[in-house]
Amino acid sequence: MDVPGYTKWQFNTIEANVIKRISPSEQIYHAVVKAPWPVVDRDMVVRMKIQVDKNRNEASIDAESVKGILPSTDNYVRVPSSHAHWTVKQRDEKNLEVRYTMQIDPGGSVPVWLANWVCAQAPYESFRNLKAIIEKKK
């Protein structure tokens, strides 16, 4: 739920701000992602909801693009559609199991080679950064 903190771990995220907190487990946020040259940076407005099942030591997170909340600007290409789903399960005191899927239409024009590179690189870099943050807090 620490949206401004996304810039510390999410791949190429250079700005992230909460637009509206709906409840302690649901919010709408805006994020800007730096795109490699020659592609224009992207922005997205996302509704995120977290559900916790304490009996299973598991949390699920759904994040989906929403329209009509924030007007687009000429500075970025608005991501028209995305859906991410996380399932995080505590295996034992020191281990988590994380399953992550994402479908995204980045909008605009993106070369195939770049789209393929980002699909491979973004999750790897994001999870590597997130792991480092978690280990630092121990």
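This text follows the structure it describes.
Quick caveat: nothing in here was measured; it's all calculated off a predicted structure. (Residues numbered from 1 in each chain as written. Predicted model: local features only at pLDDT ≥ 70, side-chain atom pairs only at ≥ 80, totals over all residues. Heavy atoms only, no water.)

### So, helix α1 (residues 112–137)
Line of reasoning, step 1. The end-to-end C-alpha separation of α1 is 38 Å, in line with the 38 Å expected for 26 residues at 1.5 Å each.
Line of reasoning, step 2. When the local axis directions of α1 are compared, the greatest deviation, roughly 30°, occurs at Q121, which is followed within four positions by the proline P123.
Line of reasoning, step 3. Regarding α1, the residues found buried are L114, A122, E125 and S126. (Helix = DSSP H or I, 4+ residues; strand = E, 2+ residues; numbered from the N terminus. Expected span 1.5 Å × (residues − 1). Bend = angle between axes of the 7 residues up to and from the residue. Buried < 20%, exposed > 50% of the residue type's maximum accessible area, 1.4 Å probe, protein only.)

### Let's talk about the nonpolar core
Line of reasoning, step 1. Judged by nonpolar contacts, the single largest core of 15 residues is most densely connected at Y6, Y29 and M48.
Line of reasoning, step 2. Listing elements by their share of this core, those giving two or more residues are β2 (26–33), β3 (42–53), β4 (58–65) and β6 (81–92).
Line of reasoning, step 3. It is β3 that provides the largest number of residues to this core, a total of 4 residues.
Line of reasoning, step 4. Setting aside anything within four residues of it in sequence, one finds Y6 in contact with T13, A16, Y29 and M48. (Core = buried A, V, L, I, M, F, W, Y, C linked by side-chain atoms within 4.5 Å. Contact = heavy atoms within 4.5 Å.)

### Some remarks on the pattern of salt bridges
Line of reasoning, step 1. Scanning the model with the defined rule gives 9 salt bridges in all.
Line of reasoning, step 2. The shortest N-O distance in the salt bridge between D43 and R78 comes to 2.9 Å. One end of the pair, D43, is in strand β3; the other, R78, is in strand β5 (residues 77–78), with 35 residues separating them in the sequence.
Line of reasoning, step 3. With a relative accessible area of 2%, D43 lands in the buried category.
Line of reasoning, step 4. For R99, the salt bridge is made with E97, and the minimal N-O distance between the two is 3.0 Å.
Line of reasoning, step 5. Taking the relative accessible area as the measure of exposure, R99 reaches 54% and is therefore exposed.
Line of reasoning, step 6. Among the residues examined, E97 registers a relative accessible area of 24% and is labelled partly exposed. (Salt bridge = Lys/Arg side-chain N within 4 Å of Asp/Glu carboxyl O.)

### Focus: the pairing of β6
Line of reasoning, step 1. Where β4 lies against β6, 7 bridges are found, and the strand directions are antiparallel. Residue E64 lies in a different strand from β6, and its bridge partner there is H83.
Line of reasoning, step 2. Hairpin connection, β6 to strand β7 (residues 95–105): the antiparallel pair is bridged by 2 residues. (Pairing = 2+ DSSP bridges.)

### Focus: the side chain of E26
Line of reasoning, step 1. Within the secondary structure layout, E26 lies in strand β2.
Line of reasoning, step 2. On the basis of relative accessible area, E26 is assigned to the buried category, the value being 13%.
Line of reasoning, step 3. Within the structure, the side chain of E26 is placed 2.6 Å from the side chain of R47, a separation counted as a polar contact.
Line of reasoning, step 4. Apart from residues no more than four positions distant in its own chain, E26 is found in contact with M1, R21, R47, M48 and K49. (Polar contact = N/O pair within 3.5 Å; in protein donor to acceptor, adjacent residues only side chain to side chain.)

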